[in-house]
Amino acid sequence: MASFSQVERKRFWILVIIVSISGFSQGMLLPLISAIFERDGVSSALNGLNATGLYIGTLLVAPFMEAPLRRFGYKPIIIGGGMLVFLSLLLFPFWKSAVFWYFLRLMIGIGDHALHFSTQTWITSFSPQHRLGRNIAIYGMSFGVGFAAGPLFVPLVDTFEGLPFIVSGLLCMLAWSLVFRVKNEFPDVIKGKVAEGNVFRRFKATIAVAWLALLGPFGYGFLESSLHAMYPVYALRNGFELHSVSFMLVSFSAGGIVSQLPLGMLSDKIGRRKVFLFALGGGSVSFFVASTMETSVITIVSMFFIAGLFLGSIFSLGISYMSDLTPKEFLPTGNLLCGIFFSVGSLTGPFLGGLFLEFNAGYSFLLLIAFFLAGLFMLSCFGRTKRLEKAL
């Protein structure tokens, strides 16, 4: 942070605070609604389908985000996205309906994507290369801290069902207000072969040069949604208490918080790919071991923490890896694709998790996660990217 000016430092920490509160709302929302629906007797398949609203919202808005960002700058996009998130959260208690709640999750998905897309791109654009991994790790760690705190507020539902939504909405509104203290900026202008309006050509070129890095957001999206939306259903059906499930989810996030900055700084020194492979391999083994030891809350909490040490950084590692592979003027496109791949992974998690629970094959839910991560590890080992000149 020493190479930052005072203005950049202030901006960086405001963006970090905003993202941490956004992480809190997401970390609370997934297990909260899953637990409410499970108590109300909603099927696991419908429960998983409802959880997809957050990520379908992201996918719906993603192709249209880059143009307004380039035209209006970072700050207006953050303001619009943050407002959509906290207003939607405050509307949950007004009407308990699966369809209405699905619509609200759709709106939160749109708002969250606008917020994260703008903050990620802004940070990657002004961070010096030798501190990129560290800065993105702090960004990811702030999201992880918020995400870890989120499930702890789920038991508030026992006091009043709407209370967790109200608390989360007010916290998001407070964090959102900080963005008015920073000056607006704009991304670098695209030059050369790709015209600024040709979004699909930029998508194709950026995927060709950075698809390996995009596996990080994809994998983290799968982990986040499957663990927070569907694992509580699996755990509750296997006799665990709601408070215990909350601590399991917190332990995973806590592991990611502990390792986020060290792994980010390590990636600055030895390279993103090596650290990324280490994280995927270690995470796959951790969940496989956990699937054989589902005998007590303490055991699962410990294994989730170890898995989090490896995997809590794969989203931020993916962003910094993408920033290494992608030219600076293509960073908005790269960050946009990180959001899209995160959402695709997040949709895959509840879908496969819901099917897994519906068929009730007698295997541990954690095996699904272990084999998924093993697949990403193999792709990362043997995959190759193209140079931008060949991709255009």
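Residues numbered from 1 in each chain as written. Predicted model: local features only at pLDDT ≥ 70, side-chain atom pairs only at ≥ 80, totals over all residues. Heavy atoms only, no water.

**Digging into the packing of helix 1 (residues 6–39) against helix 7 (residues 132–149)**
(1) Moving on: It is the contact of helix 1 with helix 7, at a shortest axis distance of 6 Å, that shows an interaxial angle of 35°. At the point where helix 1 passes helix 7, the crossing takes the right-handed sense. From helix 1, F12, W13, V16, V19, S20, S22, G23, F24, Q26, G27 and L30 reach across to helix 7, where they touch N135, I138, Y139, S142, F143, G146, F147 and A149.
(2) Moving on: Grouping the amino acids of the contact of helix 1 with helix 7 by side-chain chemistry returns eleven nonpolar, eight polar and no charged. (Axes fitted to C-alpha atoms, helices over the stretch in contact; angles between N-to-C directions. Helix = DSSP H or I, 4+ residues; strand = E, 2+ residues; numbered from the N terminus. Left-handed = near helix turned anticlockwise from the far one by under 90°. Contact = heavy atoms within 4.5 Å. Nonpolar A, V, L, I, M, F, W, Y, C, P; charged D, E, K, R; others polar.)

**A short note on the packing of aromatic side chains**
(1) Moving on: For the coordinates displayed, the defined rule picks out 22 aromatic pairs.
(2) Moving on: Centre to centre, the rings of F24 and F153 are 4.9 Å apart; their planes meet at 90°, and the pair counts as edge-to-face. Residue F24 is found in helix 1, and its partner F153 is found in the loop between helix 7 and helix 8 (163–176); the two are separated by 129 residues along the sequence.
(3) Moving on: Lying across the ring of F126, R11 places its NZ or CZ 4.7 Å from the centre. (Phe/Tyr/Trp six-rings, centres within 6.5 Å; stacked < 30°, edge-to-face > 60°. Lys NZ or Arg CZ within 6 Å of the ring centre and 35° of its normal.)

**Examining the environment of F287**
(1) Moving on: Its location among the elements puts F287 in helix 11 (residues 272–291).
(2) Moving on: When the C-alpha positions of F287 and T124 are compared, they lie 31 Å apart, and in sequence the two are 163 residues distant.
(3) Moving on: Those residues in contact with F287 that lie beyond four places of it in its chain are L223, L227, F252, F304, A307, L311, L366, I369, A370 and L373.

**Notes on the nonpolar core**
(1) Moving on: In this structure, Y231 and F287 are the most contacted members of the largest nonpolar core, which totals 109 residues.
(2) Moving on: Looking at which element gives the most residues to this core, the answer is helix 9 (residues 199–237), with 18 residues. (Core = buried A, V, L, I, M, F, W, Y, C linked by side-chain atoms within 4.5 Å. Buried < 20%, exposed > 50% of the residue type's maximum accessible area, 1.4 Å probe, protein only.)

**Concerning the side chain of Q120**
(1) Moving on: Note on placement: Q120 falls in helix 6 (residues 98–126).
(2) Moving on: Take Q120: its relative accessible area is 4%, and that puts it in the buried class.
(3) Moving on: A distance of 3.3 Å separates a polar atom in the side chain of Q120 from a polar atom in the side chain of N335. (Polar contact = N/O pair within 3.5 Å; in protein donor to acceptor, adjacent residues only side chain to side chain.)

**Comments concerning the pattern of salt bridges**
Pairs may arise between side chains of opposite charge once their charged atoms sit close together.
(1) Moving on: All chains considered together, the criterion is met by seven salt bridges.
(2) Moving on: Between R39 and D158 there is a salt bridge; the shortest N-O distance is 3.0 Å. Of this pair, R39 sits in helix 1 while D158 sits in the loop between helix 7 and helix 8, and the two are 119 residues apart along the sequence.
(3) Moving on: With a closest N to O distance of 2.9 Å, R70 and E66 form a salt bridge. (Salt bridge = Lys/Arg side-chain N within 4 Å of Asp/Glu carboxyl O.)

**Side note on helix 10 (residues 242–270)**
(1) Moving on: Its 29 residues give helix 10 an end-to-end C-alpha distance of 41 Å, which sits within 8% of 42 Å, the value for a rise of 1.5 Å per residue.
(2) Moving on: In the structure, helix 10 departs most strongly from a straight axis at S259, where the bend amounts to approximately 40° and where the proline P262 lies between one and four residues downstream.
(3) Moving on: G271 sits one or two residues past helix 10 and shows a positive phi near 110°. (Expected span 1.5 Å × (residues − 1). Bend = angle between axes of the 7 residues up to and from the residue.)

**Quick look at the environment of S380**
(1) Moving on: Secondary-structure assignment places S380 in helix 15 (residues 365–382).
(2) Moving on: In this structure S380 comes out as buried when scored by relative accessible area, which is 3%.
(3) Moving on: Considering only alpha carbons, one finds S380 and G80, 300 residues apart in sequence, at a separation of 36 Å.
(4) Moving on: Residues contacting S380, with those up to four places away along its chain left out, are L212, L215, R273, F276, L277 and L280.

**Things to note about the packing of helix 7 against helix 10**
(1) Moving on: At their nearest, the axes of helix 7 and helix 10 sit 8 Å apart, and the two run at 175° to each other. When the axes of helix 7 and helix 10 are compared, the pair comes out roughly antiparallel. Touching L132, G133, R134, A137, I138, G140, M141, G144, V145, F147 and A148 of helix 7 are V250, S253, A254, I257, Q260, L261, G264, M265, S267 and D268, all from helix 10.
(2) Moving on: Residue composition of the contact of helix 7 with helix 10, by class: twelve nonpolar, seven polar and two charged. (Parallel < 35°, antiparallel > 145°, perpendicular 65-115°, else oblique.)

**Considerations on empty space enclosed by the protein**
(1) Moving on: The final tally for this structure, using the stated rule, is three cavities of 30 Å³ or more.
(2) Moving on: Taken as a whole, the largest cavity spans an internal volume of roughly 360 Å³.
(3) Moving on: Around the largest cavity, the lining is made up of 28 residues, and of these H116, Q120, F143, F315 and F342 lie nearest the centre.
(4) Moving on: When residues of the lining of the largest cavity are traced back to their parent elements, those giving at least two are helix 1, helix 3 (53–61), helix 6, helix 7, helix 10, helix 13 (314–325) and helix 14 (331–359).
(5) Moving on: Among the elements that make up the lining of the largest cavity, the one with the highest residue count is helix 6 (six residues).
(6) Moving on: Classifying every residue of the lining of the largest cavity by side-chain character gives eleven nonpolar, 16 polar and one charged.
(7) Moving on: Of the voids in this model, the second largest cavity is the one considered here, and its volume is about 70 Å³. (1 Å grid on protein atoms, 1.4 Å probe; cavity = no way out; pocket = protein on both sides within 12 Å on 5 of 7 lines; lining within 4 Å. Points joined across faces, edges and corners; volume = space filled by probe spheres on them.)

All quantities given are derived from atomic positions and should not be read as evidence of function.
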